[in-house]
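Residue-level listing of the chains:
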Amino acid sequence: MSSLTSVELNFLVFRYLQESGFTHAAFTLGYEAGINKSNIDGNMVPPGALIKFVQKGLQYMEMEANLSNSEVDIDEDFSFFQPLDLISKDVKELQDMLREKKRKERDMEKERDRSKENDKGVEREHEGDRNRAKEKDRHEKQKEREREREKLEREKEREREKIEREKEREREKMEREIFEREKDRLKLEKEREIEREREREKIEREKSHEKQLGDADREMVIDQTDKEIAGDGSTGAEPMDIVMTPTSQTSHIPSSDVRILEGHTSEVCACAWSPSASLLASGSGDATARIWSIPEGSFKSVHTGRNINALILKHAKGKSNEKSKDVTTLDWNGEGTLLATGSCDGQARIWTLNGELISTLSKHKGPIFSLKWNKKGDYLLTGSVDRTAVVWDVKAEEWKQQFEFHSGPTLDVDWRNNVSFATSSTDSMIYLCKIGETRPAKTFTGHQGEVNCVKWDPTGSLLASCSDDSTAKIWNIKQSTFVHDLREHTKEIYTIRWSPTGPGTNNPNKQLTLASASFDSTVKLWDAELGKMLCSFNGHREPVYSLAFSPNGEYIASGSLDKSIHIWSIKEGKIVKTYTGNGGIFEVCWNKEGNKIAACFADNSVCVLDFRM
């Protein structure tokens, strides 16, 4: 009989942890034991294999203790031991227990014999008692065996249920990881296809350009819809469909107005400007975040070199490419003095402007996908794949409350004020939560797919959401159903942003609008009050992952997997600037002055653009 190797035992323990729902422990063991390098076919190992091995081992010890005892008659009743005895004692100790039991029984038998000689009548009564005791003992043993069988059946059923739940969690996790797969497909599969498409389009644009009248390099065709709004008292403009035709060289941002920030060794997933200084933070799949000091003023006037130094915030010791520590999200506090990062290891970290790690916040059991400071800066909010949201007391460096309302991974969180916030999930639900409350203050239902993003308007009275069901919705805290259902997109909507206009903003006299970015390659602008589309910006050729309003609310920057950043004039309804990089774009953001735009790319770079009209 061959012995069980350490590799096989590690695999059984790994499977047990997975089946029991200990995903993080399973991942750690799998990584350290090199499970993925073993040649064991997991499909050949049945569920609950480790439990069955342990049970059979205990039964073997029980059998060995009974059969190895030379003083025990083989025809006598088989003696059962308690599970704790089998685990904590060796065979010799078990045999000693059995001998002691038999010795006591022999002593009792001798005593009964002596009593029998003295009083046969009493002996007969005792004999009857013994028979009844034996019968009762056999009955109890039978009941015990029945209970053990029932217990085993219940355990098997629980194991099956755990396996099903684990499969469901894995499915949800895999669905959410579309983001990562999109990036991988971008790098591994689409590069050549996109390049060929760009070449074809370039040739077509040149041909089309030659046929056009005059010297115009760009033409924006505004198609007014044929429908007229009659009898509703509305005086607003009808929706415009903004279609981009060949782009002139003058609209391309020149290389002298561009700075490429290099240093990351994996795709850059997130970027954010400091609200108080010319500092840009970026987070990457290389397990680092970086703080870049960007020169103020025009790049042309500053005469900076191509290289801009950065502080490196390492999330992993030693290797800088541990995938379990990918930096997925980051956010500055309101004063711009602290930077918070969230990563795939389930930990949130807080850093100073000097790159010093001052807090590591551990509570989640899965990757963190969203992270936000409240306005006051005393609480940090995180949302995770483990289906929960956690509020952290920053000063105390500990979690204040964990909210476990969702049945799927938490995809986004957003503060309404300093103590209440909204969460969204793959379970299609939106919850309004409040610190100190154990139940949701409000539940919003209506989406038919994963809710990718939630954002409060500047006053905190309206909540916008977008989903894989191709719709965006606007909710009011005073009612449970949505106020507006925005249904013009044809594919999943990945993100939304409110304009920095209207009440509660620095531009109170301008109209409040909502912008949405979709996998249908468009950006759409909506009237927040009427719930109607104002216009559709159709300049991208691939899914649009990010968008941002300029601080004055006059422009929108959008970034797409087609490697292009387009800057749209909302007033003129056209692209005024564009830049094309070497990888898909995952996030764009404006600095507080509105004269620089940052974007993070799948080709491991961060780009900063000068913007002046």
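Before reading on, note that the structure itself is shown above.
Cut-off values and rules
Residues numbered from 1 in each chain as written. Predicted model: local features only at pLDDT ≥ 70, side-chain atom pairs only at ≥ 80, totals over all residues. Heavy atoms only, no water. Helix = DSSP H or I, 4+ residues; strand = E, 2+ residues; numbered from the N terminus. Buried < 20%, exposed > 50% of the residue type's maximum accessible area, 1.4 Å probe, protein only. Contact = heavy atoms within 4.5 Å. Areas by Shrake-Rupley, 256 points an atom, 1.4 Å probe, with all protein chains shown as cover. Salt bridge = Lys/Arg side-chain N within 4 Å of Asp/Glu carboxyl O. Disulfide = S-S within 2.5 Å. Pairing = 2+ DSSP bridges. Axes fitted to C-alpha atoms, helices over the stretch in contact; angles between N-to-C directions. Expected span 1.5 Å × (residues − 1). Nonpolar A, V, L, I, M, F, W, Y, C, P; charged D, E, K, R; others polar. Phe/Tyr/Trp six-rings, centres within 6.5 Å; stacked < 30°, edge-to-face > 60°. Lys NZ or Arg CZ within 6 Å of the ring centre and 35° of its normal. Core = buried A, V, L, I, M, F, W, Y, C linked by side-chain atoms within 4.5 Å.

Side note on the overall build of the chain
Here is step 1 of the chain: Each helix and strand in the chain was counted, giving 9 helices and 34 strands.
Here is step 2 of the chain: Here the chain holds 613 residues, and the buried ones make up 46% of them.
Here is step 3 of the chain: Here the contacts in the chain between residues at least 6 apart in sequence split such that 50% fall between residues at least 24 apart.
Here is step 4 of the chain: Here the chain has roughly 32,500 Å² of accessible surface; of this, 49% comes from carbon and sulfur atoms.

Thoughts on the pattern of salt bridges
Here is step 1 of the chain: Under the definition given, this model contains 25 salt bridges.
Here is step 2 of the chain: Arg132 is paired through a salt bridge with Asp129; the nearest N and O atoms lie 2.1 Å apart. One end of the pair is Arg132 and the other is Asp129, both in helix H6 (residues 120-176) and 3 residues apart, which spans about a single turn.
Here is step 3 of the chain: You can call Arg132 exposed: its relative accessible area is 53%.
Here is step 4 of the chain: For Asp129, a relative accessible area of 34% puts it in the partly exposed group.

Examining the state of the cysteines
Here is step 1 of the chain: Inspection of every chain in the model, using the stated rule, returns 0 disulfides.
Here is step 2 of the chain: Looking at the unpaired Cys466, the closest cysteine sulfur is the one in Cys453, lying at 4.8 Å.
Here is step 3 of the chain: Overall, Cys466 belongs to the buried group, its relative accessible area being 0%.

Examining the sheet that holds strand S11 (residues 357-362)
Two pairing modes exist for strands in a sheet, parallel and antiparallel, and in both the strands are linked by backbone hydrogen bonds.
Here is step 1 of the chain: Taken in spatial order, the 4 strands of this open sheet run S8-S9-S10-S11, and their pairing is antiparallel. Edge positions in the sheet fall to strand S8 (327-332) and S11, since each has one partner strand and no second. Averaged over all pairs of adjacent strands, the angle between strand axes in this sheet comes to 20°, irrespective of strand direction.
Here is step 2 of the chain: Strand direction decides the pairing type here: strand S9 (residues 338-343) and strand S10 (residues 347-352), joined by 5 bridges, are antiparallel.

Focus: helix H3 (residues 49-67)
Here is step 1 of the chain: Taking 1.5 Å per residue as the helical rise, H3 with its 19 residues ought to reach 27 Å, and the 27 Å between its terminal C-alpha atoms agrees with that figure.
Here is step 2 of the chain: Looking only at H3, the buried set comprises Ala49, Leu50, Leu58, Glu62, Ala65 and Asn66.

Here we look at the packing of helix H1 (residues 6-19) against H3
Here is step 1 of the chain: Where H1 contacts H3, the axes come no closer than 8 Å and their chain directions differ by 120°. Between H1 and H3, the contacting residues are Leu12, Val13 and Tyr16 on the first element and Ala49, Leu50, Ile51 and Phe53 on the second.
Here is step 2 of the chain: Among the residues forming the contact of H1 with H3, the class breakdown is 7 nonpolar, no polar and no charged.

Observations regarding the packing of aromatic side chains
Here is step 1 of the chain: Applying the stated criterion to the full structure yields 15 aromatic pairs.
Here is step 2 of the chain: A ring pair is formed by Trp415 and Phe421, whose centres lie 5.5 Å apart and whose planes are at 70°; its orientation type is edge-to-face. As far as the burial class goes, Trp415 and Phe421 line up, both buried.
Here is step 3 of the chain: A ring pair is formed by Tyr545 and Phe586, whose centres lie 6.0 Å apart and whose planes are at 70°; its orientation type is edge-to-face. Highlighted residues: Tyr545 in strand S28 (residues 544-549) and Phe586 in strand S32 (residues 585-590), separated in sequence by 41 residues. As far as the burial class goes, Tyr545 and Phe586 line up, both buried.
Here is step 4 of the chain: Members of the aromatic cluster, connected to one another through ring pairs, are Phe403, Phe405, Trp415, Phe421 and Tyr431.
Here is step 5 of the chain: Seen from the ring of Phe482, Lys473 lies directly overhead, with NZ or CZ sitting 4.6 Å from the centre.

Side note on the environment of Ala49
Here is step 1 of the chain: Relative to the helices and strands, Ala49 is located in helix H3.
Here is step 2 of the chain: In this structure, the C-alpha to C-alpha distance between Ala49 and Tyr16, residues 33 residues apart in sequence, is 7.7 Å.

So, the nonpolar core
Here is step 1 of the chain: Grouped together as the largest cluster of nonpolar side chains are 20 residues, with contacts concentrated most on Leu261, Trp273, Leu280, Ile294 and Val608.
Here is step 2 of the chain: Looking at this core, the elements that each hand over two or more residues are strand S4 (268-273), S32, strand S33 (596-601) and strand S34 (606-610).
Here is step 3 of the chain: Of the residues forming this core, the biggest block, 3 residues, is contributed by S4.
Here is step 4 of the chain: Beyond its immediate sequence surroundings of up to four residues, Ile294 is in contact with Leu261, Trp273, Ser278, Leu280, Phe299, Ile308, Lys596 and Val608.
Here is step 5 of the chain: Judged by nonpolar contacts, the second largest core, of 18 residues, contains Tyr555, Ala557, Tyr579 and Trp590.

Observations concerning the sheet that holds strand S3 (residues 258-261)
Here is step 1 of the chain: With antiparallel pairing, the 4 strands of this open sheet are ordered in space as S3-S34-S33-S32. Of all strands in the sheet, those bounded by a partner on one side alone are S3 and S32. Put simply, the sheet's adjacent strands are angled 20° from each other on average, direction ignored.
Here is step 2 of the chain: Where S33 and S34 come together, 5 bridges link them in antiparallel fashion. When the bridges of S34 are listed, Ala598 appears paired with Val608.

Observations concerning the pairing of strand S20 (residues 451-456)
Here is step 1 of the chain: Summarising burial for S20: 6 of the 6 residues are buried, a large majority.
Here is step 2 of the chain: Pairing of S20 with strand S21 (residues 462-467) involves 5 bridges; the strand directions are antiparallel. When the bridges of S21 are listed, Cys453 appears paired with Cys466.
Here is step 3 of the chain: Counting the residues that bridge the hairpin from S20 to S21 gives 5 residues, and of these Gly460 lies at a positive phi of roughly 75°.

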